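Listed below, chain by chain, are the residues.
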Amino acid sequence: MTIQTFQSDVLQNIASAIRGLGAADYTEGDVVLSPVPENAQGDVALSCFGLRGRLSTLDDKARHNPVAISAALAEALAGKPVFEAVAAVGPYVNLSYDTAALAQAVIGDILEQGDHFADAPVRDERVVIEFSGPNTNKPQHLGHLRNNVIGESVSRLLQKSGSRVTRVNIINDRGIHICKSMLVYIKHGQNITPQSAGKKGDHLVGDFYVQFEKEFQAEYKTWLESEAGKRAYEEFLTSEAGIKAQKAIEAYELKKKGKAPADLFSTFKSSYKDKYFNSLSPIGKEVTDLLIRWENGDPEVRAIWKRLNDWVIEGFMDTYKTLGISFDKLYFESETYKLGKDIIQNGLEKGIFHRLPDNATAFDLSKIGLNGEKIVLRSNGTSVYITQDIGTAIERYKDYEYDKMIYVTADEQNYHFQVLFGILGELRPDLGGRFEHLSYGMVTLPNGRMKSREGTVVDTDDLIEEMARLVREVMENKADREHYADADEAEFDRRAQTIALAALKYYLLNFTPASWMEFNPEKSLDLQGRTGAYCLMNYARTRSILRKASYTRTQPGDVLSALKTPQEKKLLLNLMQFPAAIQWAAQNRDPSKMAEYLFNLCKSFAFIFTDKAGHPVLNCTDEATRSARLALVDAIGVVLKDGLGLLGIDTLEEM
RNA sequence: GCGCGGGUAGCUCAGUUGGAUAGAGCGUUGGCCUCCGAAGCCAAAGGCCGCGGGUUCGACUCCCGCCUCGCGCACCA
């Protein structure tokens, strides 16, 4: 018996009992089973609310009473071989599966199919998923890390559930921010290389960027204190924006409610910054000149740009490799940023867009239920951010003919994607509904958001290194050194690295993507409780038992009926849930559901290490029980390894 | 001002789309290593599910109002 035949047997029995009570058109597909609360008897529950009024053999009163329906159904189901117990509890019928049949189905399937257990049949659904999207002016931080692990895990979940998945990454490698790093390099760093500096390329270029910001801030500060700066501030005070800011402060003084507005000078300072950069700043002019030379294809600038970008991208690839992440295709903004202009032109002719008096091209947002309008081409004819997104989405359709295009980005871009999808729907009604924004919340620190100016940005590479260091410390201080006896230094480090990555990935995936999450550097690096390390340890424990038993996998057959205890049954039920857990996580694009599933499985398993009297495995004197338990342990290992793999987590045989 | 998303145990978070006595981890308290891995196991304490109304046999979940926190509303990306 397989899980499939077992489950259909269950459904058939239920459906036929319901038909027998008078609901003639009731089929297997109508059966809805729900979980049973912790302390109630039974493995699954059949809720009777939905059957009200449908069982014609019951009298008028009983027919509408879920409690009476449940009693009648329980009677009809009693004695069926698939159930070893049937109980009516209020409006529910609680069903207990026949343990031997369950064990045969679950363990039989898992040991036969191994890591193909729970593979869904391949559907012809093509999914393109875009994630990571780094800028090439600085290394990736904790926010990118969350993006990376969510993107990778969702990709794996979708693959496992039968979709054809293409992973793409768009590298933002052009624009003003890149020129800032370049300028510092040109001025101060011409003979530095990642090799000579002993740094990853992305970190080296990131240093240039930080250096630029420092120089610019100093310059801006000097200007603010100059006569011209003071004059600009005075003008600001009497301007519309200044008066508005003044009023906001007065309103706050009266009510003392909400967040206090910034003081006038700070408001001026931040609102004037761009204007200063673009029209007054000497260093700003140098950057803008670089950008213009880049756009004109100046060979010298392009050569420097290429050198720096290559360094950064090499650094990114190192990080991706460490994380076990790969992409089928890298898109570079420097190659795609002109896409979309023709499409806009075309849409303009069709009346989807309109011209503004100053010659800019705009989209009327009321067409998609929003307010105002969105500029899609500047008055000088150049593109804005959304222009290339429109172009890339359509271009990519030519490449992949996707059924779904998923964008993984932080939730601050929710509005942007709403607008983008709306415009795409107008331009290409045939692609409507294929676009999806998988938006995740920010990662915050205990004292708020990461701020580069305050130096609180958590760097991905540093974080991994710090985590590995911490794991090594725990390993070195472990009392029980048995498991490191045969590990040389390289193996020791490899294990520490694997555990560190497992802990980080599990931590980041354990939150539902949509929610903001707090990252506490002290607590988050913990290895106790609901963590990646805990799951990894339980996998290692399964391997340890099987090693010591000199176990080799065979189809255990009839001995499985030796699995009888409630704890064993709970494990069987957990294992049977694996395919459904994958489906749920994949459909909801939510790896945290898989993380939760795996933790629960581990928890159901972990008790046997202290219940050595009640559940001996190696020392079990009954041969059949011993074989059956070994097979169960093997099956748990298969599911744990596969499930952790769906989170992008590698397992260890010993840790 | 408008739009979107949050407010659940001391803390960090789940809550399968309206169903049984609201869960987990951390933290706290107590108990477990002559015995298959103590990065562990077992147990206890701890909740007006932001507030007020409504719909329903039934609401943490749906609707309305309010309070509160955050994000967004560029010819930036």
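It should be noted that the structure appears before, not after, this text.
As the structure is a computational prediction, the values presented were derived from the model and not from experiment.

The rules behind the values
Here the residue index of a chain counts from 1 through its sequence in written order. All chains are assigned letters beginning at A, and all ligands numbers beginning at 1, according to the order in which they are written. Selection of residues for local features in this predicted model requires a pLDDT of at least 70, selection of side-chain atom pairs for listing and counting requires 80 or more, and totals for whole chains, interfaces and linings are taken over all residues. The basis for the side-chain values is all heavy atoms of the structure; hydrogens and waters are excluded. A run of H or I in DSSP counts as a helix once it spans at least four residues, and a run of E counts as a strand once it spans at least two, with each numbered from the N terminus. In what follows, residue pairs with any heavy atoms lying within 4.5 Å of each other are defined as contacts. Working definition of accessibility: Shrake-Rupley area with a 1.4 Å probe, residue cover restricted to the visible protein chains. Positive residues here are Lys and Arg, negative ones are Asp and Glu, while His and the chain termini are left out of the count. A charged residue contributes its charge at one atom only: NZ of Lys, CZ of Arg, CG of Asp or CD of Glu. Salt-bridge detection follows one rule: a side-chain nitrogen of Lys or Arg within 4 Å of a carboxyl oxygen of Asp or Glu. Residue burial is assigned from relative accessible area. The probe radius is 1.4 Å, only protein chains are included, and a residue is buried under 20% of its type maximum, exposed over 50%, and partly exposed in between. Only buried residues count toward a nonpolar core, which is a set of Ala, Val, Leu, Ile, Met, Phe, Trp, Tyr and Cys residues joined through side-chain atoms within 4.5 Å. Two strands are counted as paired when DSSP detects at least two bridges linking them. In this text, near means that some heavy atom of the residue lies within 4 Å of the molecule or strand in question. Counted as a polar contact is a pair of N or O atoms within 3.5 Å, where, for protein atoms, one must be capable of donating a hydrogen and the other of accepting one, and residues adjacent in sequence contribute only when both atoms are in side chains. Gly falls in the polar group here, along with every residue not listed as nonpolar (Ala, Val, Leu, Ile, Met, Phe, Trp, Tyr, Cys, Pro) or charged (Asp, Glu, Lys, Arg).

1. Quick notes on the overall build of chain A
Here is step 1 of the chain: Along chain A, the regular secondary structure elements total 25 helices and 15 strands.
Here is step 2 of the chain: Taking the principal axes of the C-alpha coordinates as reference, chain A spans close to 90 × 70 × 55 Å.
Here is step 3 of the chain: Long-range contacts, defined here as pairs at least 24 residues apart, represent 73% of the contacts in chain A between residues at least 6 apart.
Here is step 4 of the chain: Carbon and sulfur atoms make up 50% of the accessible area of chain A, which totals about 31,400 Å².
Here is step 5 of the chain: Each charge class in chain A can be summarised by its mean position, and for the 78 positive and 90 negative side chains these summaries are 3 Å apart.

2. Overview of the pattern of salt bridges
Here is step 1 of the chain: Applying the stated criterion to the full structure yields 39 salt bridges.
Here is step 2 of the chain: Residue Asp493 pairs with Arg472 through a salt bridge whose shortest N-O separation is 3.1 Å. In this pair, Asp493 sits in helix H19 (residues 489-509) while Arg472 sits in helix H18 (residues 460-477), placing the two residues 21 residues apart along the sequence.
Here is step 3 of the chain: We classify Asp493 as partly exposed; its relative accessible area is 31%.
Here is step 4 of the chain: Note that Arg494 is salt-bridged to Glu491, the shortest N-O span being 3.0 Å. Taken together, the residues span about one helical turn, with Arg494 and Glu491 both in helix H19 at a distance of three residues.

3. Notes on the nonpolar core
Here is step 1 of the chain: Membership of the largest hydrophobic core comes to 171 residues, with the highest contact counts inside it found for Leu73 and Met594.
Here is step 2 of the chain: Looking at this core element by element, the count peaks at 12 residues for helix H25 (residues 623-646).
Here is step 3 of the chain: The contact partners of Leu73, leaving out residues within four places of it in the chain, are Ala17, Ile18, Leu21, Leu46, Cys48, Leu51 and Val93.
Here is step 4 of the chain: Of all hydrophobic cores here, the second largest spans 31 residues; its members include Ile170, Phe353, Val419 and Leu427.

4. Structural notes on the sheet that holds strand S13 (residues 443-445)
Sheet strands associate in pairs through backbone hydrogen bonding, adopting either a parallel or an antiparallel arrangement.
Here is step 1 of the chain: Here three strands make up an open sheet; going across it, the order is S14-S13-S15 and the pairing mixed. Because the sheet does not close on itself, it has two edges, and the strands there are strand S14 (448-449) and strand S15 (517-518).
Here is step 2 of the chain: Bridge analysis of S13 against S15 gives two bridges, and the strand direction is parallel. Note that in S15 the partner of Val443 across the bridge is Met517.

5. What about the protein's contact with RNA strand B?
Here is step 1 of the chain: RNA strand B sits among 64 residues. The nearest are Tyr92, Asp358, Arg378, Lys548 and Lys612.
Here is step 2 of the chain: Considering RNA strand B, the proportion of its atoms within 4 Å of the protein that are sugar or phosphate atoms stands at 60%.
Here is step 3 of the chain: At 3.0 Å from a base nitrogen of RNA strand B is found a side-chain nitrogen or oxygen belonging to Asn94.
Here is step 4 of the chain: In this structure, a phosphate oxygen belonging to RNA strand B sits 3.3 Å away from a side-chain N or O atom of Lys603.
Here is step 5 of the chain: Those elements that provide at least two residues to the surface near RNA strand B are strand S4 (92-97), S15, helix H21 (532-548) and helix H24 (591-606).
Here is step 6 of the chain: Ranked by the residues each element gives to the surface near RNA strand B, the list is headed by H21, at seven residues.
Here is step 7 of the chain: Looking at the surface near RNA strand B, its residues break down into 30 nonpolar, 15 polar and 19 charged.

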